[in-house]
Amino acid sequence: AAEVIAGWNAPDQVAAAQAHLLSPFESMEKLGQTPDRPLLTRGEGVWLYDEAGRQLLDGPAGMWCTQVGYARPEIAEAIAAQAMTISYSSPWYFLNGPSAALAARIAAVTPGDLNHVFFTTGGSSAVDSALRFMQFYNNVLGRAGKKTILARIDGYHGSSHLTAAVSGRAGNRPNFDLEMETISFLSAPNMFTRPEGMDEAAFCDHLIAELEERIETLGADSIGCFIAEPVLASGGILVPPQGYHQRTLEICRRHDILYISDEVVTGFGRLGHWFASEEVYGITPDIITFAKGVTSGYVPLGGFAISDAVLARIAGEKSKQSFYSNGYTYSGQPVACAAGLASMDIIEGDGLLEHVRDIAPYFQAQLATLADLPLVGDVRGAGLLGCVEIVADRAKGVSTDLDAKLTLRIDRLCYDKGLIVRPIRSMCVMSPALVITREQIDLMVRILRE
Ligand code: PLP
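Fair warning: this is a prediction, and the values are worked out from it, not measured in the lab.

Criteria and cut-off values
- Residues numbered from 1 in each chain as written.
- Predicted model: local features only at pLDDT ≥ 70, side-chain atom pairs only at ≥ 80, totals over all residues.
- Domains from an automatic or database assignment.
- Contact = placed C-beta atoms within 7 Å.
- Helix = DSSP H or I, 4+ residues; strand = E, 2+ residues; numbered from the N terminus.
- Nonpolar A, V, L, I, M, F, W, Y, C, P; charged D, E, K, R; others polar.
- Core = buried A, V, L, I, M, F, W, Y, C linked by C-beta atoms within 7 Å.
- Buried ≥ 20, exposed ≤ 12 C-beta atoms within 10 Å, placed from the backbone.
- Pairing = 2+ DSSP bridges.
- Expected span 1.5 Å × (residues − 1).
- Near = placed C-beta within 6 Å.
- Axes fitted to C-alpha atoms, helices over the stretch in contact; angles between N-to-C directions.
- Parallel < 35°, antiparallel > 145°, perpendicular 65-115°, else oblique.
- Left-handed = near helix turned anticlockwise from the far one by under 90°.

A.B. asks: I would appreciate a short explanation of the domain arrangement of the chain in the present structure.
C.D. replies: A common way to express how large an interface is: the accessible area buried when the components associate. Looking at the assigned domains, one finds that the chain contains domain 1 (38-68 + 351-449) and domain 2 (76-349). Between the C-alpha centres of domain 1 and domain 2 there is a distance of 26 Å. The partner domain 2 presents 22 residues to the 27 residues of domain 1 that form the contact. Secondary structure elements with two or more residues in the side of domain 1 that touches domain 2: α3 (61-64), α13 (352-368), β11 (376-382), β12 (385-390) and β14 (427-430). In terms of residue count, the dominant contributor to the side of domain 1 that touches domain 2 is α13 (five residues). Of the residues that constitute the side of domain 1 that touches domain 2, the class distribution is 16 nonpolar, seven polar and four charged.

Below you can see the structure in the form of C-alpha coordinates.
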(Lines give C-alpha, C1' and ligand atoms only; values in the text may rest on other atoms or scores of the structure.)
Protein backbone atom coordinates (compact mmCIF):
# COMPACT_ATOMS: atom_id res chain seq x y z
CA ALA A 1 0.00 0.00 0.00
CA ALA A 2 2.84 2.37 0.81
CA GLU A 3 4.28 1.86 -2.66
CA VAL A 4 0.94 2.44 -4.31
CA ILE A 5 0.39 5.64 -2.34
CA ALA A 6 3.95 6.81 -2.95
CA GLY A 7 3.32 6.23 -6.65
CA TRP A 8 0.31 8.47 -6.66
CA ASN A 9 0.82 12.01 -7.67
CA ALA A 10 -0.78 14.82 -5.76
CA PRO A 11 -3.64 15.42 -8.23
CA ASP A 12 -4.63 11.74 -7.89
CA GLN A 13 -4.71 12.03 -4.12
CA VAL A 14 -6.75 15.21 -4.20
CA ALA A 15 -9.16 13.64 -6.70
CA ALA A 16 -9.55 10.56 -4.49
CA ALA A 17 -10.29 12.77 -1.51
CA GLN A 18 -12.80 14.74 -3.55
CA ALA A 19 -14.60 11.58 -4.66
CA HIS A 20 -14.45 9.43 -1.54
CA LEU A 21 -13.16 11.08 1.62
CA LEU A 22 -15.43 12.59 4.25
CA SER A 23 -13.41 14.92 6.46
CA PRO A 24 -14.22 15.78 10.10
CA PHE A 25 -16.28 18.91 10.76
CA GLU A 26 -16.97 19.31 7.04
CA SER A 27 -19.75 21.19 5.31
CA MET A 28 -21.73 18.81 3.09
CA GLU A 29 -22.36 21.78 0.83
CA LYS A 30 -18.83 21.29 -0.47
CA LEU A 31 -19.18 17.57 -1.08
CA GLY A 32 -17.56 16.57 -4.36
CA GLN A 33 -15.66 19.83 -4.72
CA THR A 34 -11.91 20.13 -4.51
CA PRO A 35 -11.10 19.94 -0.79
CA ASP A 36 -9.97 23.29 0.61
CA ARG A 37 -7.45 21.47 2.79
CA PRO A 38 -3.91 21.42 1.46
CA LEU A 39 -2.25 18.07 0.88
CA LEU A 40 0.76 17.46 3.09
CA THR A 41 3.53 15.30 1.77
CA ARG A 42 6.18 15.29 4.49
CA GLY A 43 7.09 16.45 7.97
CA GLU A 44 10.33 16.88 9.86
CA GLY A 45 10.83 18.45 13.29
CA VAL A 46 8.53 21.49 13.46
CA TRP A 47 8.27 21.67 9.66
CA LEU A 48 5.64 20.43 7.25
CA TYR A 49 5.85 20.33 3.45
CA ASP A 50 2.87 20.51 1.12
CA GLU A 51 2.32 19.22 -2.42
CA ALA A 52 3.62 22.47 -3.89
CA GLY A 53 6.89 21.95 -1.99
CA ARG A 54 6.16 24.80 0.43
CA GLN A 55 7.97 24.60 3.77
CA LEU A 56 5.60 25.46 6.61
CA LEU A 57 6.25 26.08 10.30
CA ASP A 58 3.58 24.02 12.07
CA GLY A 59 2.10 26.51 14.56
CA PRO A 60 -0.49 24.20 16.17
CA ALA A 61 1.74 21.06 16.18
CA GLY A 62 -0.78 19.11 14.12
CA MET A 63 -3.74 19.34 16.50
CA TRP A 64 -1.68 20.10 19.63
CA CYS A 65 -0.13 16.67 19.49
CA THR A 66 3.24 16.39 17.76
CA GLN A 67 5.26 17.00 20.94
CA VAL A 68 8.66 15.68 19.78
CA GLY A 69 8.21 16.82 16.17
CA TYR A 70 7.81 14.89 12.94
CA ALA A 71 9.97 12.06 11.59
CA ARG A 72 11.75 10.95 14.73
CA PRO A 73 13.43 7.68 13.78
CA GLU A 74 13.29 6.41 17.38
CA ILE A 75 9.47 6.32 17.23
CA ALA A 76 9.35 4.92 13.70
CA GLU A 77 11.78 2.16 14.69
CA ALA A 78 9.87 1.33 17.89
CA ILE A 79 6.64 1.06 15.86
CA ALA A 80 8.31 -1.18 13.25
CA ALA A 81 10.00 -3.38 15.86
CA GLN A 82 6.78 -3.88 17.81
CA ALA A 83 4.80 -4.60 14.65
CA MET A 84 7.28 -7.33 13.80
CA THR A 85 7.29 -8.76 17.35
CA ILE A 86 3.60 -8.83 18.18
CA SER A 87 1.44 -6.45 16.22
CA TYR A 88 -1.76 -7.00 18.19
CA SER A 89 -2.97 -8.74 21.31
CA SER A 90 -6.49 -8.81 22.66
CA PRO A 91 -6.78 -6.86 25.91
CA TRP A 92 -9.63 -9.20 26.89
CA TYR A 93 -7.47 -12.32 26.91
CA PHE A 94 -3.82 -11.33 27.14
CA LEU A 95 -1.32 -8.96 28.63
CA ASN A 96 1.26 -7.32 26.41
CA GLY A 97 4.60 -5.83 27.42
CA PRO A 98 4.30 -2.34 25.93
CA SER A 99 0.90 -1.60 27.51
CA ALA A 100 2.07 -2.78 30.94
CA ALA A 101 5.31 -0.79 30.62
CA LEU A 102 3.53 2.35 29.42
CA ALA A 103 0.93 2.12 32.21
CA ALA A 104 3.74 1.92 34.76
CA ARG A 105 5.62 4.77 33.06
CA ILE A 106 2.55 7.03 33.05
CA ALA A 107 1.64 6.09 36.64
CA ALA A 108 5.13 7.19 37.67
CA VAL A 109 4.61 10.72 36.32
CA THR A 110 0.97 11.35 37.27
CA PRO A 111 0.32 13.23 40.49
CA GLY A 112 -0.41 11.64 43.86
CA ASP A 113 -1.89 8.17 43.91
CA LEU A 114 -3.13 8.10 40.31
CA ASN A 115 -1.51 4.74 39.82
CA HIS A 116 -3.78 2.83 37.47
CA VAL A 117 -4.11 3.50 33.75
CA PHE A 118 -6.90 2.51 31.38
CA PHE A 119 -6.02 2.75 27.68
CA THR A 120 -8.35 3.82 24.90
CA THR A 121 -8.02 4.89 21.28
CA GLY A 122 -7.83 8.68 21.58
CA GLY A 123 -9.11 11.66 23.54
CA SER A 124 -12.84 11.18 22.99
CA SER A 125 -12.74 7.56 24.06
CA ALA A 126 -10.56 8.52 27.05
CA VAL A 127 -13.09 11.06 28.31
CA ASP A 128 -16.02 8.83 27.40
CA SER A 129 -14.47 6.02 29.42
CA ALA A 130 -13.79 8.28 32.40
CA LEU A 131 -17.39 9.50 32.42
CA ARG A 132 -18.67 5.95 32.12
CA PHE A 133 -16.39 5.01 35.00
CA MET A 134 -18.10 7.69 37.10
CA GLN A 135 -21.50 6.12 36.29
CA PHE A 136 -20.21 2.63 37.11
CA TYR A 137 -18.59 3.82 40.33
CA ASN A 138 -21.73 5.41 41.67
CA ASN A 139 -23.84 2.41 40.73
CA VAL A 140 -21.45 0.13 42.59
CA LEU A 141 -21.63 2.44 45.59
CA GLY A 142 -25.42 2.21 45.51
CA ARG A 143 -25.84 5.86 44.52
CA ALA A 144 -27.65 5.48 41.20
CA GLY A 145 -28.91 9.07 41.37
CA LYS A 146 -25.44 10.62 41.65
CA LYS A 147 -24.62 10.93 37.96
CA THR A 148 -25.01 14.53 36.83
CA ILE A 149 -21.92 15.82 35.05
CA LEU A 150 -20.81 19.37 35.77
CA ALA A 151 -19.08 20.72 32.66
CA ARG A 152 -18.25 24.18 31.35
CA ILE A 153 -19.42 26.35 28.51
CA ASP A 154 -16.65 26.43 25.89
CA GLY A 155 -15.11 23.21 27.19
CA TYR A 156 -14.20 20.66 24.53
CA HIS A 157 -14.00 16.99 25.44
CA GLY A 158 -14.43 15.10 22.19
CA SER A 159 -16.63 13.86 19.46
CA SER A 160 -18.38 10.74 20.75
CA HIS A 161 -22.03 11.18 21.73
CA LEU A 162 -21.31 11.57 25.43
CA THR A 163 -18.17 13.68 25.07
CA ALA A 164 -19.81 15.97 22.52
CA ALA A 165 -22.72 16.30 24.94
CA VAL A 166 -20.44 17.52 27.72
CA SER A 167 -18.59 19.86 25.35
CA GLY A 168 -20.01 23.31 25.82
CA ARG A 169 -19.04 24.93 22.54
CA ALA A 170 -22.22 26.12 20.93
CA GLY A 171 -20.84 25.82 17.40
CA ASN A 172 -20.44 22.05 17.73
CA ARG A 173 -23.95 21.39 18.94
CA PRO A 174 -26.41 22.23 16.14
CA ASN A 175 -27.76 19.28 14.15
CA PHE A 176 -27.06 16.74 16.87
CA ASP A 177 -29.41 15.45 19.51
CA LEU A 178 -27.01 15.85 22.35
CA GLU A 179 -29.21 17.31 25.02
CA MET A 180 -29.18 15.12 28.08
CA GLU A 181 -30.65 16.05 31.40
CA THR A 182 -27.68 14.79 33.35
CA ILE A 183 -25.30 17.52 32.24
CA SER A 184 -25.13 20.96 33.79
CA PHE A 185 -22.97 23.69 32.30
CA LEU A 186 -21.08 26.26 34.34
CA SER A 187 -19.56 29.49 33.00
CA ALA A 188 -16.25 29.35 31.18
CA PRO A 189 -13.43 30.85 33.26
CA ASN A 190 -12.83 33.38 30.50
CA MET A 191 -10.74 36.26 31.79
CA PHE A 192 -11.04 38.09 28.47
CA THR A 193 -14.83 38.34 28.57
CA ARG A 194 -15.31 38.49 32.34
CA PRO A 195 -17.89 40.97 33.62
CA GLU A 196 -16.67 44.52 33.39
CA GLY A 197 -14.94 45.92 36.42
CA MET A 198 -14.17 42.53 37.96
CA ASP A 199 -10.55 41.92 38.80
CA GLU A 200 -9.05 38.42 38.69
CA ALA A 201 -9.77 37.62 42.34
CA ALA A 202 -13.36 38.85 42.16
CA PHE A 203 -13.91 36.87 38.95
CA CYS A 204 -12.63 33.73 40.66
CA ASP A 205 -15.01 34.33 43.59
CA HIS A 206 -17.82 34.79 41.08
CA LEU A 207 -17.09 31.42 39.36
CA ILE A 208 -16.75 29.63 42.68
CA ALA A 209 -20.04 31.08 43.91
CA GLU A 210 -21.71 29.83 40.74
CA LEU A 211 -20.35 26.31 41.34
CA GLU A 212 -21.51 26.32 44.95
CA GLU A 213 -24.94 27.59 44.00
CA ARG A 214 -25.28 24.93 41.32
CA ILE A 215 -24.44 22.18 43.77
CA GLU A 216 -26.88 23.66 46.23
CA THR A 217 -29.62 23.79 43.58
CA LEU A 218 -29.07 20.34 42.08
CA GLY A 219 -28.08 18.67 45.32
CA ALA A 220 -24.68 17.05 45.83
CA ASP A 221 -26.41 13.66 45.95
CA SER A 222 -27.24 14.03 42.26
CA ILE A 223 -23.81 15.15 41.00
CA GLY A 224 -21.28 12.52 39.93
CA CYS A 225 -18.37 14.53 38.60
CA PHE A 226 -16.91 17.83 37.52
CA ILE A 227 -14.92 17.74 34.28
CA ALA A 228 -12.49 20.49 33.36
CA GLU A 229 -9.51 21.11 31.11
CA PRO A 230 -6.77 22.84 33.17
CA VAL A 231 -6.57 25.38 30.34
CA LEU A 232 -9.54 25.32 27.96
CA ALA A 233 -7.90 24.61 24.64
CA SER A 234 -10.34 24.61 21.69
CA GLY A 235 -12.59 26.88 23.75
CA GLY A 236 -10.03 29.66 23.32
CA ILE A 237 -6.86 29.07 25.38
CA LEU A 238 -8.66 30.14 28.51
CA VAL A 239 -6.38 30.15 31.55
CA PRO A 240 -8.64 30.27 34.63
CA PRO A 241 -8.02 32.87 37.34
CA GLN A 242 -5.51 32.15 40.07
CA GLY A 243 -6.86 29.75 42.68
CA TYR A 244 -9.71 28.45 40.51
CA HIS A 245 -8.37 24.91 40.24
CA GLN A 246 -7.69 24.43 43.94
CA ARG A 247 -11.02 25.93 44.96
CA THR A 248 -13.08 23.84 42.52
CA LEU A 249 -11.26 20.69 43.64
CA GLU A 250 -11.81 21.49 47.30
CA ILE A 251 -15.55 21.94 46.69
CA CYS A 252 -15.75 18.66 44.75
CA ARG A 253 -13.98 16.79 47.55
CA ARG A 254 -16.32 18.29 50.12
CA HIS A 255 -19.33 16.98 48.18
CA ASP A 256 -17.85 13.65 47.15
CA ILE A 257 -17.92 14.66 43.47
CA LEU A 258 -15.24 13.08 41.26
CA TYR A 259 -12.85 15.61 39.70
CA ILE A 260 -11.86 14.69 36.15
CA SER A 261 -9.03 16.76 34.73
CA ASP A 262 -9.04 16.53 30.94
CA GLU A 263 -5.35 16.81 30.05
CA VAL A 264 -5.69 15.64 26.46
CA VAL A 265 -4.06 18.91 25.38
CA THR A 266 -2.16 20.02 28.49
CA GLY A 267 -0.52 16.63 29.19
CA PHE A 268 2.85 15.36 28.03
CA GLY A 269 4.83 18.53 28.27
CA ARG A 270 2.69 21.25 26.73
CA LEU A 271 2.92 23.29 29.96
CA GLY A 272 6.45 22.14 30.83
CA HIS A 273 5.47 19.14 32.94
CA TRP A 274 4.14 15.67 32.22
CA PHE A 275 0.78 16.87 33.52
CA ALA A 276 -0.37 20.38 34.38
CA SER A 277 -2.84 19.50 37.14
CA GLU A 278 -0.41 19.20 39.99
CA GLU A 279 2.81 20.83 38.93
CA VAL A 280 1.30 23.91 37.31
CA TYR A 281 -2.02 24.27 39.11
CA GLY A 282 -1.41 22.46 42.41
CA ILE A 283 -4.21 19.91 42.29
CA THR A 284 -4.37 16.13 42.40
CA PRO A 285 -7.58 15.22 40.62
CA ASP A 286 -9.29 11.82 40.90
CA ILE A 287 -8.95 11.07 37.20
CA ILE A 288 -6.73 12.51 34.46
CA THR A 289 -7.59 11.87 30.82
CA PHE A 290 -4.84 12.00 28.19
CA ALA A 291 -4.26 11.33 24.45
CA LYS A 292 -2.53 13.29 21.65
CA GLY A 293 0.96 13.98 23.08
CA VAL A 294 1.20 10.51 24.64
CA THR A 295 2.48 9.23 21.26
CA SER A 296 3.35 12.66 19.82
CA GLY A 297 0.54 11.94 17.38
CA TYR A 298 2.43 9.17 15.56
CA VAL A 299 -0.39 6.66 16.18
CA PRO A 300 -3.75 6.96 17.96
CA LEU A 301 -3.77 6.32 21.71
CA GLY A 302 -5.53 7.75 24.74
CA GLY A 303 -6.53 6.77 28.21
CA PHE A 304 -7.14 7.82 31.76
CA ALA A 305 -5.21 7.52 34.99
CA ILE A 306 -7.20 7.03 38.19
CA SER A 307 -6.40 7.27 41.87
CA ASP A 308 -5.93 4.31 44.16
CA ALA A 309 -8.25 5.98 46.67
CA VAL A 310 -11.16 6.01 44.22
CA LEU A 311 -10.55 2.43 43.11
CA ALA A 312 -10.26 1.26 46.72
CA ARG A 313 -13.79 2.44 47.41
CA ILE A 314 -15.24 -0.04 44.94
CA ALA A 315 -12.68 -2.83 45.17
CA GLY A 316 -13.39 -6.27 46.60
CA GLU A 317 -16.82 -7.45 47.70
CA LYS A 318 -18.61 -4.31 46.54
CA SER A 319 -17.73 -5.00 42.92
CA LYS A 320 -18.41 -8.72 43.05
CA GLN A 321 -21.56 -8.56 40.94
CA SER A 322 -20.43 -5.59 38.86
CA PHE A 323 -18.42 -5.21 35.74
CA TYR A 324 -16.83 -2.11 34.26
CA SER A 325 -18.07 -3.19 30.86
CA ASN A 326 -16.20 -0.58 28.86
CA GLY A 327 -13.22 -1.17 26.60
CA TYR A 328 -11.94 -1.27 23.08
CA THR A 329 -10.40 -3.73 20.64
CA TYR A 330 -7.42 -1.38 20.70
CA SER A 331 -7.18 -0.76 24.47
CA GLY A 332 -3.45 -1.08 25.13
CA GLN A 333 -2.67 -1.77 21.47
CA PRO A 334 1.00 -2.86 21.64
CA VAL A 335 2.26 -0.90 18.62
CA ALA A 336 0.59 2.28 19.92
CA CYS A 337 2.01 1.72 23.40
CA ALA A 338 5.49 1.12 21.97
CA ALA A 339 5.17 4.48 20.20
CA GLY A 340 4.13 6.04 23.53
CA LEU A 341 7.17 4.62 25.30
CA ALA A 342 9.48 5.87 22.55
CA SER A 343 7.93 9.35 22.65
CA MET A 344 8.28 9.53 26.43
CA ASP A 345 11.91 8.41 26.06
CA ILE A 346 12.55 11.34 23.73
CA ILE A 347 10.79 13.85 25.96
CA GLU A 348 12.93 12.65 28.85
CA GLY A 349 16.18 12.05 26.97
CA ASP A 350 16.11 15.38 25.14
CA GLY A 351 15.11 17.28 28.29
CA LEU A 352 11.99 18.64 26.57
CA LEU A 353 10.09 19.41 29.79
CA GLU A 354 12.99 21.60 30.93
CA HIS A 355 13.22 23.09 27.43
CA VAL A 356 9.51 24.06 27.51
CA ARG A 357 9.90 25.63 30.96
CA ASP A 358 12.88 27.56 29.65
CA ILE A 359 11.41 28.73 26.35
CA ALA A 360 7.73 29.23 27.28
CA PRO A 361 8.22 32.72 28.80
CA TYR A 362 9.98 33.79 25.59
CA PHE A 363 7.15 32.31 23.48
CA GLN A 364 4.50 34.13 25.54
CA ALA A 365 6.47 37.39 25.54
CA GLN A 366 6.97 37.30 21.78
CA LEU A 367 3.28 36.60 21.12
CA ALA A 368 2.42 39.46 23.49
CA THR A 369 4.35 41.90 21.26
CA LEU A 370 1.50 41.49 18.75
CA ALA A 371 -0.94 43.19 21.14
CA ASP A 372 -0.17 46.59 19.62
CA LEU A 373 -1.66 45.60 16.25
CA PRO A 374 -5.05 47.22 15.61
CA LEU A 375 -6.67 43.87 14.78
CA VAL A 376 -5.53 42.16 17.95
CA GLY A 377 -7.99 42.14 20.85
CA ASP A 378 -6.15 39.87 23.24
CA VAL A 379 -3.06 37.70 23.55
CA ARG A 380 -3.05 34.99 26.20
CA GLY A 381 -1.66 31.59 27.00
CA ALA A 382 0.32 29.28 29.25
CA GLY A 383 3.38 27.17 28.54
CA LEU A 384 3.56 26.42 24.83
CA LEU A 385 -0.13 27.21 24.34
CA GLY A 386 -0.84 30.66 23.00
CA CYS A 387 -3.62 32.55 21.32
CA VAL A 388 -3.90 35.82 19.43
CA GLU A 389 -7.55 36.83 19.35
CA ILE A 390 -8.74 39.01 16.49
CA VAL A 391 -11.12 41.82 17.48
CA ALA A 392 -11.46 44.36 14.67
CA ASP A 393 -13.86 46.56 16.59
CA ARG A 394 -12.19 47.15 19.90
CA ALA A 395 -15.15 49.19 21.11
CA LYS A 396 -17.19 45.98 21.04
CA GLY A 397 -14.50 44.20 23.04
CA VAL A 398 -15.46 40.75 21.79
CA SER A 399 -14.98 38.86 18.55
CA THR A 400 -17.68 38.80 15.90
CA ASP A 401 -18.43 36.70 12.81
CA LEU A 402 -16.50 39.27 10.81
CA ASP A 403 -13.46 38.63 13.01
CA ALA A 404 -13.75 34.92 12.28
CA LYS A 405 -13.71 35.73 8.56
CA LEU A 406 -10.71 38.01 9.01
CA THR A 407 -8.94 35.24 10.92
CA LEU A 408 -9.48 32.87 8.00
CA ARG A 409 -7.81 35.44 5.76
CA ILE A 410 -4.95 35.78 8.22
CA ASP A 411 -4.60 32.01 8.09
CA ARG A 412 -4.39 32.05 4.28
CA LEU A 413 -1.85 34.87 4.26
CA CYS A 414 0.28 33.16 6.90
CA TYR A 415 0.16 29.93 4.91
CA ASP A 416 1.52 31.70 1.88
CA LYS A 417 4.32 33.08 4.04
CA GLY A 418 5.14 29.67 5.53
CA LEU A 419 3.22 29.45 8.81
CA ILE A 420 0.31 27.19 9.67
CA VAL A 421 -2.22 28.92 11.92
CA ARG A 422 -5.32 26.65 11.76
CA PRO A 423 -7.64 29.28 13.23
CA ILE A 424 -10.32 28.45 15.73
CA ARG A 425 -13.10 30.96 15.04
CA SER A 426 -11.39 34.33 15.59
CA MET A 427 -8.30 32.90 17.27
CA CYS A 428 -4.86 32.27 15.87
CA VAL A 429 -3.86 29.46 18.20
CA MET A 430 -0.19 28.59 18.48
CA SER A 431 0.88 25.40 20.25
CA PRO A 432 4.09 24.37 18.54
CA ALA A 433 6.02 21.14 19.00
CA LEU A 434 7.97 21.12 22.26
CA VAL A 435 11.25 21.13 20.31
CA ILE A 436 10.67 24.65 18.95
CA THR A 437 13.63 27.05 19.12
CA ARG A 438 13.83 30.79 19.79
CA GLU A 439 14.59 31.44 16.11
CA GLN A 440 11.52 29.50 15.05
CA ILE A 441 9.37 31.44 17.55
CA ASP A 442 10.78 34.66 16.06
CA LEU A 443 9.78 33.49 12.58
CA MET A 444 6.27 32.58 13.76
CA VAL A 445 5.74 35.99 15.33
CA ARG A 446 7.28 37.83 12.40
CA ILE A 447 4.91 36.15 9.95
CA LEU A 448 1.92 36.79 12.21
CA ARG A 449 2.88 40.46 12.46
CA GLU A 450 3.24 40.77 8.68
N1 PLP B 1 -10.32 16.54 25.24
C2 PLP B 1 -9.73 17.67 24.85
C3 PLP B 1 -9.35 18.68 25.89
C4 PLP B 1 -9.45 17.91 23.50
O5 PLP B 1 -8.90 19.07 23.12
C6 PLP B 1 -9.80 16.92 22.55
C7 PLP B 1 -9.50 17.11 21.12
O8 PLP B 1 -9.03 18.13 20.69
C9 PLP B 1 -10.43 15.75 22.99
C10 PLP B 1 -10.66 15.59 24.34
C11 PLP B 1 -10.83 14.70 22.02
O12 PLP B 1 -9.71 14.01 21.55
P13 PLP B 1 -9.77 13.18 20.19
O14 PLP B 1 -9.96 14.14 19.09
O15 PLP B 1 -8.43 12.47 20.17
O16 PLP B 1 -10.88 12.19 20.29
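A.B. asks: When you look at the nonpolar core in this model, what are you seeing that I'm missing?
C.D. replies: Across soluble globular proteins, you tend to see nonpolar side chains buried next to one another. Of all hydrophobic cores here, the largest spans 116 residues; its most connected members are Ala130, Cys225 and Cys428. Counting contributing residues per domain, this core is built from domain 1 (38-68 + 351-449) and domain 2 (76-349), each supplying no fewer than three. Residues contacting Cys428, with those up to four places away along its chain left out, are Cys387, Val388, Thr407, Ile410, Val421, Pro423 and Leu448.

A.B. asks: How should I be thinking about the sheet that holds strand β1 (residues 40-44) in this particular structure?
C.D. replies: Across a sheet, paired strands are connected by hydrogen bonds in the backbone, their directions being either parallel or antiparallel. Spatially, β1-β2-β3-β13 is the arrangement adopted by the four strands of the open sheet, whose pairing is mixed. For this open sheet the edge positions go to β1 and β13 (419-420), each flanked by a neighbour on one side alone. As paired strands, strand β3 (residues 55-58) and β13 are joined by two bridges and run parallel to one another. Opposite Leu57, over in β13, you have Leu419 as the bridge partner.

A.B. asks: Where do I start with helix α12 (residues 334-349) in this structure?
C.D. replies: Each α-helix turn comprises 3.6 residues. Residues three or four places apart therefore point the same way. For α12, spanning 16 residues, the distance from its first C-alpha to its last is 22 Å, which sits close to the expected 22 Å at 1.5 Å a residue. Of all 16 residues in α12, 12 are buried, a share of seventy percent or more. Those residues of α12 that sit buried are Pro334, Val335, Ala336, Cys337, Ala338, Ala339, Gly340, Leu341, Ala342, Ser343, Met344 and Ile347. In this fold, the buried residues of α12 make contact with α4 (73-85), α5 (97-109) and α13. Trailing α12 by a residue or two, Gly351 shows a phi angle of about 60 degrees, which is positive.

A.B. asks: How do you make sense of the site of the ligand when you look at a structure like this?
C.D. replies: For the ligand, the set of nearby residues contains 17 residues, the closest of which are Gly122, Gly123, Ser124, Gly158 and Val264. For the shell around the ligand, the leading source of residues is helix α6 (residues 123-140), giving three residues. Split by residue class, the shell around the ligand holds seven nonpolar, eight polar and two charged.

A.B. asks: I keep staring at α6 and nothing clicks. Help me out?
C.D. replies: The end-to-end C-alpha distance of α6, which contains 18 residues, comes to 25 Å, matching closely the 26 Å that a straight helix rising 1.5 Å per residue would cover. The element α6 is largely enclosed, with a buried count of 13 among its 18 residues. Of the residues trailing α6, Gly142 is marked for its positive phi of about 75 degrees.

A.B. asks: Sorry, what's going on with the environment of Leu141 here?
C.D. replies: Its place among the elements puts Leu141 in the loop between α6 and β5 (148-152). Leu141 gets classed as partly exposed once you count the C-beta atoms within 10 Å, which come to 14. Aside from chain neighbours lying at most four places away, what touches Leu141 is Arg313 and Ile314.

A.B. asks: When you look at the packing of α4 against α12 in this model, what are you seeing that I'm missing?
C.D. replies: A packed helix pair is summarised by two numbers, namely the angle formed by the two axes and the spacing between the axes. Relative to each other, α4 and α12 sit at 150 degrees, their axes nearing to 8 Å. Comparing the axis directions of α4 and α12 gives the class roughly antiparallel. α4 and α12 meet at a crossing whose hand is right-handed. Here Glu74, Ile75, Ala78, Ile79, Gln82 and Ala83 of α4 come into contact with α12, specifically with Pro334, Val335, Ala338, Ala339, Leu341, Ala342, Ser343, Asp345 and Ile346. The residue makeup of the contact of α4 with α12, split by class, is 11 nonpolar, two polar and two charged.

A.B. asks: Looking at this model, I keep getting lost on the environment of Cys225. Mind explaining?
C.D. replies: With respect to the element layout, Cys225 can be found in strand β7 (residues 223-228). Given 26 C-beta atoms within 10 Å, Cys225 falls into the buried group. Each C-alpha atom of the pair Cys225 and Leu258 lies 4.4 Å from the other, and the pair is 33 residues apart in sequence. Apart from the residues lying within four places of it in its own chain, the contact partners of Cys225 are Met134, Ile149, Leu150, Ile257, Leu258 and Ile260.

A.B. asks: Explain the pairing of strand β10 (residues 302-307) here, please?
C.D. replies: Looking down a regular strand, the side chains alternate between one sheet face and the other. Counting buried residues along β10, six of its six residues qualify, which places the element largely inside the surrounding structure. Covered by surrounding structure in β10 are Gly302, Phe304 and Ile306 together with Gly303, Ala305 and Ser307, the residues of both alternating faces. Bridge analysis of strand β4 (residues 114-120) against β10 gives six bridges, and the strand direction is antiparallel. Of the residues in β10, the one forming a bridge with His116 is Ile306. Bridge count between strand β9 (residues 287-290) and β10: four bridges; the pairing is antiparallel. Each bridged residue has a counterpart across the sheet, and for Thr289 the counterpart in β10 is Phe304.

A.B. asks: It is not clear to me how the sheet that holds β12 should be interpreted in this structure. Could you clarify?
C.D. replies: Strand order in the open sheet formed by three strands is β11-β12-β14, with antiparallel pairing between adjacent strands. Either end of the sheet is taken by a strand with one partner, and the two such strands are β11 and β14. Strand-to-strand twist across the sheet, computed as the mean angle between neighbouring axes with direction ignored, equals 15 degrees. Taken together, the six bridges between β11 and β12 define a ladder with antiparallel strand orientation.

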